[in-house]
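Tertiary structure, described
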Amino acid sequence: PDDPGNPTVDFHGEKRSNATHESTTDPEAKLARKSNGQTAKLSYSLNGLTENKNGLLVAMALEQATGTAERDAAVGMLFSLGGTRRITLGADKGYDTKGFIADCRELIVTPHVAQNIGKRRRSAIDARTTSPPGYAVSQRKRKLIEEVWGWMKSAAGFRKSRFVGQARTAMAAFLVGAAYNLLRIAKLQAACWRFKSLPFDSRHWRQHVGKTADAILKRPRLIAAEAETALASPYVLHLARLTLMLA
């Protein structure tokens, strides 16, 4: 007989959607999948905008994972840039829709998006946009954003969110984005970060640091006072790690 406390449930063939299912721990997260055939998971949609010369982040936006989140976030980020000079925007074919192209033109942005052409579909842009050589440059440069996502997922440990709620997840994403820009700028401006000497080269400095560390270790209360609560918080640990990365 089946266990009444833990009955067998057959979910085969059952469809789950945001209209029928909601997370009990994070109601703001929505079911989403990256492509057909993949499992839908509770997610947020993190979007970024980079300048096409050095790949620095100029805007970020974290939205609920809806079918139009990426395009909505792109319009919002473009609007936040302001300015009156015409700029270009490189993007993949997911942005090739009439509504998005119209929004870009209203914001004085030339939409250099990849054309999404199929048997029953026409692209929202024509040869007037794709013919100039700048279009090919934008299509090549648009892949710079993938370097940001790759670094955030691997080095920054942001493949999965550690936080509940859109606001806290967005704050963590902005901190990771800031860390990426700082590291990127340091590489681009290597000459500005070269020093004749560093504290590590000073024997006196090393001795002073060693004495300070020994004094702290001899007074464990300084370490254990907040250890039980602070070290048990993934939020505190994540911020501590980001602080070290910024340093």
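What you see is a predicted model, and the numbers here were worked out from it, not measured in a lab.

1. Examining the side chain of Ser138
In this structure, Ser138 sits in helix H4 (residues 133–141). In this structure the side chain of Ser138 is engaged in a polar contact, spanning 2.8 Å, whose partner is the side chain of His112. Not counting chain neighbours up to four residues away, the residues in contact with Ser138 comprise Thr88, Gly90 and His112.

2. Some remarks on helix H5 (residues 144–154)
Along H5, the positions that sit buried rather than exposed are Leu144, Ile145, Val148, Trp149, Trp151 and Met152. Buried residues in H5, looked at end-on, bunch into an arc of 165°, giving them a common side.

3. Regarding the packing of helix H1 (residues 69–81) against helix H2 (residues 98–106)
One can describe the packing of H1 onto H2 by two numbers: an axis separation of 10 Å at closest approach and a directional angle of 0°. It follows that H1 is roughly parallel to H2 by the angle criterion. Along its contact with H1, which presents Arg71, Ala74, Val75 and Leu78, the element H2 presents Phe100, Asp103 and Cys104. Residue composition of the contact of H1 with H2, grouped by class: five nonpolar, no polar and two charged.

4. A few points about the packing of aromatic side chains
By the definition in use, this model includes two aromatic pairs. Between Tyr95 and Phe100, the aromatic rings sit 5.3 Å apart at their centres with planes inclined by 55°, giving tilted as the arrangement. Accessibility assignment for this pair places Tyr95 and Phe100 in one class, buried.

5. Regarding the pairing of strand E4 (residues 87–91)
Direction of pairing for E4 relative to strand E5 (residues 109–113): parallel, over a ladder of five bridges. Residue Ala91 lies in a different strand from E5, and its bridge partner there is Val113. Once you follow E4 into H2 and on to E5, the crossover reads as right-handed.

6. Section: the nonpolar core
In this structure, Leu49, Leu78, Leu89, Tyr95, Phe100, Cys104 and Val113 are the most contacted members of the largest nonpolar core, which totals 18 residues. Those elements that place two or more of their residues in this core are strand E3 (57–64), H1, E4, H2 and E5. The element that contributes the greatest number of residues to this core is H1, accounting for five residues. With near-sequence residues (within four places) excluded, Phe100 lies in contact with Arg71, Ala74, Val75, Leu89, Tyr95 and Val113. Judged by nonpolar contacts, the second largest core, of 16 residues, contains Val148, Trp151, Tyr180 and Leu242.

7. Thoughts on the environment of Arg85
Along the chain, Arg85 turns up in the loop between H1 and E4. Take Arg85: its relative accessible area is 74%, and that puts it in the exposed class. Spatially, the C-alpha atom of Arg85 lies 9.8 Å from that of Leu107, the residues being 22 residues apart in sequence.

8. Remarks on helix H6 (residues 166–188)
Over its 23 residues, H6 extends 32 Å from the first C-alpha to the last, a length consistent with the 33 Å expected when each residue adds 1.5 Å. Considered for burial, the residues of H6 that qualify are Gln166, Thr169, Ala170, Ala172, Ala173, Val176, Gly177, Ala179, Tyr180 and Asn181.

What counts and how
Residues numbered from 1 in each chain as written. Predicted model: local features only at pLDDT ≥ 70, side-chain atom pairs only at ≥ 80, totals over all residues. Heavy atoms only, no water. Helix = DSSP H or I, 4+ residues; strand = E, 2+ residues; numbered from the N terminus. Polar contact = N/O pair within 3.5 Å; in protein donor to acceptor, adjacent residues only side chain to side chain. Contact = heavy atoms within 4.5 Å. Buried < 20%, exposed > 50% of the residue type's maximum accessible area, 1.4 Å probe, protein only. Arc of directions from axis to C-beta. Axes fitted to C-alpha atoms, helices over the stretch in contact; angles between N-to-C directions. Parallel < 35°, antiparallel > 145°, perpendicular 65-115°, else oblique. Nonpolar A, V, L, I, M, F, W, Y, C, P; charged D, E, K, R; others polar. Phe/Tyr/Trp six-rings, centres within 6.5 Å; stacked < 30°, edge-to-face > 60°. Pairing = 2+ DSSP bridges. Right-handed = clockwise from strand over helix to strand, strands pointing away. Core = buried A, V, L, I, M, F, W, Y, C linked by side-chain atoms within 4.5 Å. Expected span 1.5 Å × (residues − 1).

Remember that the coordinates give geometry; whether it matters functionally is a separate question.
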